[in-house]
Structures are given as structure tokens and as C-alpha cells.
Amino acid sequence: MATTTAEETAAEQVHEKAEQALGFVPNLITEITDENPAVADAYLTSQALVEEGGVLSAAEQQAVILTVSSYNDCHYCTKAHAVAGQQAGLDAETTATINEGGLPDDDRLRSLVRATRRILGKRGWLSDVDEAEFADLGLERPELYEIVALAGIKTISNYVNHIADTEVDEPFQT
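Residues numbered from 1 in each chain as written. Predicted model: local features only at pLDDT ≥ 70, side-chain atom pairs only at ≥ 80, totals over all residues. Heavy atoms only, no water.

### Considerations on the layout of surface pockets
- In this structure, the largest pocket encloses a volume near 590 Å³.
- Along the wall of the largest pocket there are 29 residues; nearest its centre are Leu22, Glu51, Gln62, His81 and Ala84.
- Taken together, the elements giving at least two residues each to the lining of the largest pocket come down to helix H1 (6-22), helix H2 (27-35), helix H3 (37-53), helix H4 (58-71) and helix H5 (75-87).
- The greatest single-element share of the lining of the largest pocket, amounting to 7 residues, is contributed by H5.
- Residues belonging to the lining of the largest pocket are distributed by class as follows: 20 nonpolar, 6 polar and 3 charged.
- Approximately 190 Å³ is the volume attributed to the second largest pocket.
- Considering the residues around the second largest pocket, the lining is formed by Tyr71, Asn72, Ile119, Leu120, Arg123, Gly124, Val148, Ala151, Thr155 and Tyr159.
- At the level of elements, helix H7 (107-121) and helix H9 (141-164) are the ones that each hand at least two residues to the lining of the second largest pocket. (1 Å grid on protein atoms, 1.4 Å probe; cavity = no way out; pocket = protein on both sides within 12 Å on 5 of 7 lines; lining within 4 Å. Points joined across faces, edges and corners; volume = space filled by probe spheres on them. Helix = DSSP H or I, 4+ residues; strand = E, 2+ residues; numbered from the N terminus. Nonpolar A, V, L, I, M, F, W, Y, C, P; charged D, E, K, R; others polar.)

Okay, structure coming up:
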């Protein structure tokens, strides 16, 4: 009779969580789970908390995630979130524009992409002028803090993919 270690049980739970959230277990989650199930669980749990309780719409969150992933030059996440972005309502042109470093045509998305790039570029050190500019565009601290949260969450996956050179899953090959 085989015994199950705590680490194997944790890995199984993470895979179940990924399956429920995404419909399959992406290579990224397998990679993280194989090395450190706690990190995979933290990644999935924090992503779900922001998706469910954030102030940004699903499409807006995906625009921010795409911006972070392209800023960090993540081969895996730019493809995965181009697909997820389209599923959330972003058109193919918008996802391509963000991934290529451009600004979307939509005013709200353009503001979110600008704010995300500025937060990343300044490592969060926004000036009063920055905050006033974003407030004029309808981005107050709740939106800015969500951008920071999404940047933190995506940095986990972006950097893991850099280290592991994670193979992009078939569903993300577009």
C-alpha cells in the first residue's frame, strides 16, 4: 500500500484548484507545483481573490495582466493572457497592441495600461502629480492598488516562466 506524503497531497489539492478554476492544469501550475506546492497555491489563491473581489472588470484585469506580462517579457503569460483576455471580452487587436507595447483605443483600457506601466516603471513610487493625473482618468487608489496586486501576482508566474522556460500549453497557442 502506497503512502501519500503531505507534499503529494498539497500538490493534488493545487491541481484540483487549477482544474476547477481553469478547466485544466496548465504547464505553469505543474512546474510550480512540482517544485513548491505552497507557491502554486499562493499564486492560484491570490489570483482568485482579486478576480472575485476586485474593482476592475475581468477585461480590465486582463489588460493589466497583459501589460505586466509584456513589460516582464514573459513568453508564456503573454500568450496565455491574450487568450484569457479575449475570453474576458478584449478583442484580438487590443491584446496584440498591449503585447506589442502600444496603447489600446479604448479610453479606460488605455488609462489602465498607462497606469500599469508607470507603476512598474516607478516601482510604485507614484508622485502626487501621477495620482492626480490618474484620478482625472477615473483611476483612484482602489484601481491603483489592484494594479499593484495583479503586478505582484503576475510577477510570480512571469519569473517562474523565465527560470523554467515553461512550455506554452496548446490552448494558448494562437
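That covers the picture; the talk isn't over yet.
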